[in-house]
Amino acid sequence: MADVQKRDGFATKFGVIAAAAGSAIGLGNIWKFPYITGENGGAAFILVYLGCIALIGVPVMLSEFVIGRRGQKDAAGSFRRLAPGTPWFLTGWMGIAAAFMILAFYGVVAGWTLHYTFMAIGGNFESMDPAAVGNYFGSFISTDFLPIFWQGIFMTLTAGIVLAGVKNGIEKYSKILMPLLLGLLVILAIRSMTLPGAGAGIDFLLKPDFSKLTGKAVLDALGHAFFSLSLGMGTMITYGSYINKKENLGTTAIQVTLADTGIALLAGLAIFPAVFAFNVTPSAGPGLVFVTLPSVFNQMFGGPIFATMFFALLAVAALTSSISILEVVVAYFSEEKGMDRKKATIIVTILITVIGMLASLSMGRTSDIMFPFFSSGEWIRVGFFDLLDKFSANFLLPIGGLFISLFVGWKMKAADVRDEVSNGGTLRAMFFWVFIWAARIIAPVGIIIVFLYNLGIIQP
Ligand code: TRP
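These numbers were taken from a predicted model, which means no experiment stands behind them.

Undergrad: I keep staring at the overall build of the chain and nothing clicks. Help me out?
TA: Helix and strand counts for the chain stand at 19 helices and 2 strands. By the compact-globule yardstick of 23 Å for 460 residues, the chain fits well, its C-alpha radius of gyration being 21 Å. The C-alpha extent of the chain, read off along each of the three principal axes, is 60 × 50 × 40 Å. Out of the 460 residues in the chain, the part that is buried amounts to 59%. Taking all contacts inside the chain whose residues are at least 6 apart in sequence as the whole, residues at least 24 apart take part in 81%. Here the chain contributes 30 positive and 25 negative side-chain charges, whose respective centroids are spaced 9 Å apart.

See below:
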């Protein structure tokens, strides 16, 4: 039953990459990356994001793999086993809190993709012009019942998969479905870039204007690097614990990162040319993908079919990510707290779904309830949906990543780390010293600099 207890692990190299990439590639790449790129002015933001991925994301991902494969337990348990009697396991706790917040709003957005799939099947977007598509989204997310209904369906699917222990079955399908999503994104990007007026969108993506870079932009870039790569929360520690002792952790981390980043950039190429062609505001926020893409499909031969496939595949991509989030929490309550796995899954899913419902309502009925939030050196007010998103991605995940890299860089013995990344000395692991210093200095200092910059304490 509990694959976590059996620790059976991945059979093949491709299985490891498919699972880790399945977790990483999701709404983060196709929904969140474009909209925060739009909010933060385009190309310059993307460059900072790529810098965060390379200098901080890769070392933290490899660190998570090392902790998991050496610890052979869930996130908190691996810390406990590698550093008994120390408070390092608290990093695992923080991850649990982050998982609750992330899955709560993730389920809401995934519900939107399910609703859009059914809208597309019925050909409902065909008769809408770009303005009508935008209005439709606005009124849909602000209704009470419909978004919550689809969120509930999505959360039930997520829990069902985790309960049935058919995660591996899902990965089998996602090996076919994810390349399909990739192919569709390529087609979409081509169609989008050939729309009249698309040039402004391509410029937006490729011509950096560094005067637009704010402290908020830099923190958004860092937070999104963690969010998109599924880092800072224990997901990759848990997956690391399943990786076969013969696999090369370093190349796995790099391949997963390249796949994830490639999909995000492709999503940008599919969306921004269309944003400009259809006069959508690039900073339109979380609805960007939903108000732009239906109009692109309307300009395509066989539009409703492509639209249906796209939103359905996006829902599948979201599902392979959401199960990896729920797993972290369920593994914690069953392995550390001795709770029955089935009971843990049901209770946790209900709690997260209720939090998510409140997030969904905060886009409509309760939109005037605001929370104080500290950003770019000042207090701002944000709704509940944004609060969950910003607090988890921009604070909890980077702080988790900070402790994870410090743990591998300074707390673990360098010889042990080398043993793990070189598979007991059988790989040359020539990058070892680069990695160890990235974990010791580059990643932690990078994270701290971004925080100081955001707080307005340092200027560029
Ligand atoms: N990376 C996923 C996405 O981009 C979301 C996700 C899955 C995640 N597991 C995570 C985010 C762990 C943070 C931490 O859609």
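Undergrad: Explanation requested: the site of the ligand in the structure shown.
TA: Inspection of the region around the ligand gives 17 residues, with Ala24, Gly28, Tyr106, Phe227 and Ser230 positioned closest. A distance of 3.1 Å separates a nitrogen atom of the ligand from a polar backbone atom of Ser228. Here a nitrogen atom of the ligand sits 3.0 Å away from a polar atom, N or O, in the side chain of Ser230. Every element with two or more residues in the shell around the ligand is listed here: helix H2 (13-24), helix H3 (27-39), helix H6 (90-121), helix H11 (215-228) and helix H15 (303-336).

Undergrad: In this structure, what is going on with the packing of H3 against H11? I would like to understand it.
TA: Two quantities define a packed helix pair, namely the angle between the helix axes and the distance between the axes. In contact at an axis separation of 11 Å, H3 and H11 are set at 175° when each is read in the N-to-C sense. Judged by the inter-axis angle, H3 sits roughly antiparallel to H11. Along the contact surface, H3 presents Gly28, Asn29, Lys32, Phe33, Ile36 and Glu39, while H11 presents Lys216, Asp220, His224, Phe227 and Ser228.

Undergrad: Quick question: what am I supposed to make of a nonpolar patch on the surface here?
TA: Taken together, Leu55, Trp410, Trp433, Trp437, Ile441, Ile442, Val445, Ile449, Leu455, Ile457 and Ile458 make up a surface patch of nonpolar side chains, about 1,000 Å² in accessible area. Tallying contributions element by element places helix H19 (residues 432-454) first for the nonpolar patch, with 6 residues. Its place among the elements puts Trp410 in helix H17 (residues 384-411).

Undergrad: For this particular structure, what's the right way to read unusual backbone geometry?
TA: Both trends apply: most residues other than glycine have a negative phi, and most peptide bonds are in trans. Within the chain, Gln72 stands out as a residue other than glycine whose phi angle is a positive 55°. Relative to the assigned elements, Gln72 resides in the loop between helix H4 (43-71) and helix H5 (75-82). Of the residues examined, Gln72 reaches a relative accessible area of 24% and is grouped as partly exposed. One non-glycine residue, Ala429, adopts positive backbone phi at about 45°. The topology assignment puts Ala429 in the loop between helix H18 (414-421) and H19.

Undergrad: Got a minute to help me understand the nonpolar core in this structure?
TA: As a rule of thumb, soluble globular proteins bury nonpolar side chains together. Trp31, Trp112, Phe290 and Phe310 are the most contacted members of the largest nonpolar core, which totals 156 residues. Broken down by element, this core gets its largest block of residues, 18 residues, from H6. Those residues within four positions of Trp112 in sequence are excluded, and the remaining contacts are Trp31, Phe137, Phe140, Ile141, Pro147, Pro286, Phe290, Met363 and Phe385.

Undergrad: Would you mind going over the pattern of salt bridges with me for this structure?
TA: Should the charged atoms of two oppositely charged side chains come close, the side chains can pair. Under the criterion given, the structure shown has 13 salt bridges. Here Lys73 ties to Glu335 by a salt bridge, and the two come within 3.5 Å at their closest N and O atoms. Of this pair, Lys73 sits in the loop between H4 and H5 while Glu335 is found in helix H15, placing the two residues 262 residues apart along the sequence. The class of Lys73 is partly exposed, set by a relative accessible area of 22%. Between Lys207 and Asp203 there is a salt bridge whose closest N-O contact spans 3.5 Å.

Undergrad: For this particular structure, what's the right way to read the packing of aromatic side chains?
TA: Given two aromatic rings, one states the distance between the centres and the angle between the planes to describe the pair. Overall, the coordinates contain 40 aromatic pairs when judged by the stated rule. Between Phe204 and Phe272, the aromatic rings sit 5.1 Å apart at their centres with planes inclined by 35°, giving tilted as the arrangement. In this pair, Phe204 sits in helix H10 (residues 199-206) while Phe272 sits in helix H13 (residues 249-277), placing the two residues 68 residues apart along the sequence. Look at Phe204 and you get buried, because its relative accessible area is 13%. Above the plane of the ring of Phe227 lies Lys32, whose end atom (NZ or CZ) is 4.3 Å from the centre. Against the face of Trp410 rests Arg440, its NZ or CZ located 5.2 Å from the ring centre.

Undergrad: How should the environment of Ala200 be read in this particular structure?
TA: Mapped onto the secondary structure, Ala200 falls in helix H10. Sequence separation between Ala200 and Pro273 is 73 residues; the distance between their C-alpha atoms is 6.8 Å.

Undergrad: Any chance you could explain H5 here in plain terms?
TA: Every α-helix carries 3.6 residues per turn, so stepping three or four residues along brings you back to the same face. Buried within H5 we find Ala75, Ala76, Gly77, Ser78 and Phe79. Contacts from the buried residues of H5 go to H4, H6, helix H12 (235-240), H15 and H17. Capping of H5 at its N-terminal end is provided by Asp74; its side-chain oxygen lies 3.3 Å from the backbone amide nitrogen of Ala76.

Undergrad: I'm lost on the pairing of strand E2 (residues 378-382) in this one. Help?
TA: On a regular strand, one side chain projects to one face of the sheet and the next to the other, so that they alternate. Pairing of strand E1 (residues 371-375) with E2, which is carried by 5 bridges, proceeds in the antiparallel orientation. In the strand pairing of E2, Ser375 is matched with Glu378. Once E1 ends, the chain turns through 2 residues before running back antiparallel as E2, passing Ser376 with a positive phi of about 50°.

Undergrad: Could you clarify how one ought to interpret the packing of H3 against H13 in this entry?
TA: At a closest axis distance of 9 Å, the pairing of H3 and H13 adopts a crossing angle of 60°. When the interaxial angle is binned, H3 and H13 end up oblique. Considering only the axes of H3 and H13, their crossing is right-handed. Facing Asn29, Ile30, Phe33, Pro34, Thr37 and Gly38 of H3, the residues of H13 in contact are Asp260, Ile263, Ala264, Leu265, Ala267, Ile271 and Phe272. Tallied by class, residues from the contact of H3 with H13 come to 9 nonpolar, 3 polar and 1 charged.

Undergrad: Please clarify how the environment of Leu387 should be interpreted in this entry.
TA: Summarising the element assignment, Leu387 is placed in helix H17. Take Leu387: its relative accessible area is 19%, and that puts it in the buried class. Here the alpha-carbon distance between Leu387 and Ala359, two residues 28 residues apart in the chain, equals 9.0 Å. When residues no more than four places from it in sequence are discounted, the contact partners of Leu387 are Phe371, Pro372, Phe373, Val382 and Ser392.

Here is what the cut-offs are and how they apply
Residue indices begin from 1 for each chain and proceed along its sequence in written order. Only residues with pLDDT of at least 70 are given local features in this predicted model, and only at 80 or more are side-chain atom pairs given and counted; all residues enter the totals for whole chains, interfaces and linings. Values shown for side chains rest on all heavy atoms present in the structure; no hydrogens or waters enter the calculation. Here a helix means four or more residues in a row that DSSP labels H or I, a strand means two or more in a row labelled E, and each is numbered from the N terminus. Just to be clear, the radius of gyration here is over C-alpha atoms, and the globule rule we use is 2.2 Å times residues to the power 0.38. Burial here depends on accessible area, computed with a 1.4 Å probe over protein chains only, as a share of the maximum for the residue type. Under 20% is buried, over 50% is exposed, and the range in between is partly exposed. We call two residues in contact when some of their heavy atoms are within 4.5 Å. Charge assignment: positive for Lys and Arg, negative for Asp and Glu; neither His nor the chain ends contribute. Charged groups are reduced to one reference atom each: NZ for lysine, CZ for arginine, CG for aspartic acid, CD for glutamic acid. Here a residue counts as near a molecule or strand whenever at least one of its heavy atoms sits within 4 Å of it. Any pair of N or O atoms that falls within 3.5 Å is considered a polar contact. Within protein, one atom must be able to donate a hydrogen and the other to accept it, and sequence-neighbouring residues count only if both atoms are side-chain atoms. To get an axis, a line is fitted to the C-alpha atoms, and for a helix only the part in contact is used. The angle between two axes follows their N-to-C directions and goes from 0 to 180 degrees. Should an angle lie under 35 degrees it is considered roughly parallel, over 145 roughly antiparallel, and from 65 to 115 roughly perpendicular; all remaining angles are considered oblique. Only residues whose relative accessible area exceeds 30% and that take part in no salt bridge are eligible for patches, with like-charged residues grouped when within 9 Å of each other and nonpolar side chains (Val, Leu, Ile, Met, Phe, Trp, Tyr) grouped when within 5 Å. Here the Shrake-Rupley method, with its probe set to 1.4 Å, supplies the accessible areas, and only the displayed protein chains count as covering residues. The salt bridge definition used is simple: a Lys or Arg side-chain nitrogen within 4 Å of an Asp or Glu carboxyl oxygen. By nonpolar core is meant a set of buried Ala, Val, Leu, Ile, Met, Phe, Trp, Tyr and Cys residues that side-chain atoms within 4.5 Å join together. Note on ring pairs: Phe, Tyr and Trp rings are taken, using the six-membered ring of Trp, and paired if centres are within 6.5 Å. Classes follow the plane angle, with under 30 degrees stacked, over 60 edge-to-face and the rest tilted. We call a charge positioned over a ring when the NZ of a Lys or the CZ of an Arg lies within 6 Å of the ring centre and within 35 degrees of the ring normal. Any two strands between which DSSP finds at least two bridges are classified as paired. By definition, turning the near helix anticlockwise from the far helix through less than a right angle yields a left-handed crossing, and turning it clockwise yields a right-handed one. Just so you know the grouping, Ala, Val, Leu, Ile, Met, Phe, Trp, Tyr, Cys and Pro go in nonpolar, Asp, Glu, Lys and Arg go in charged, and all remaining residues, Gly too, go in polar.

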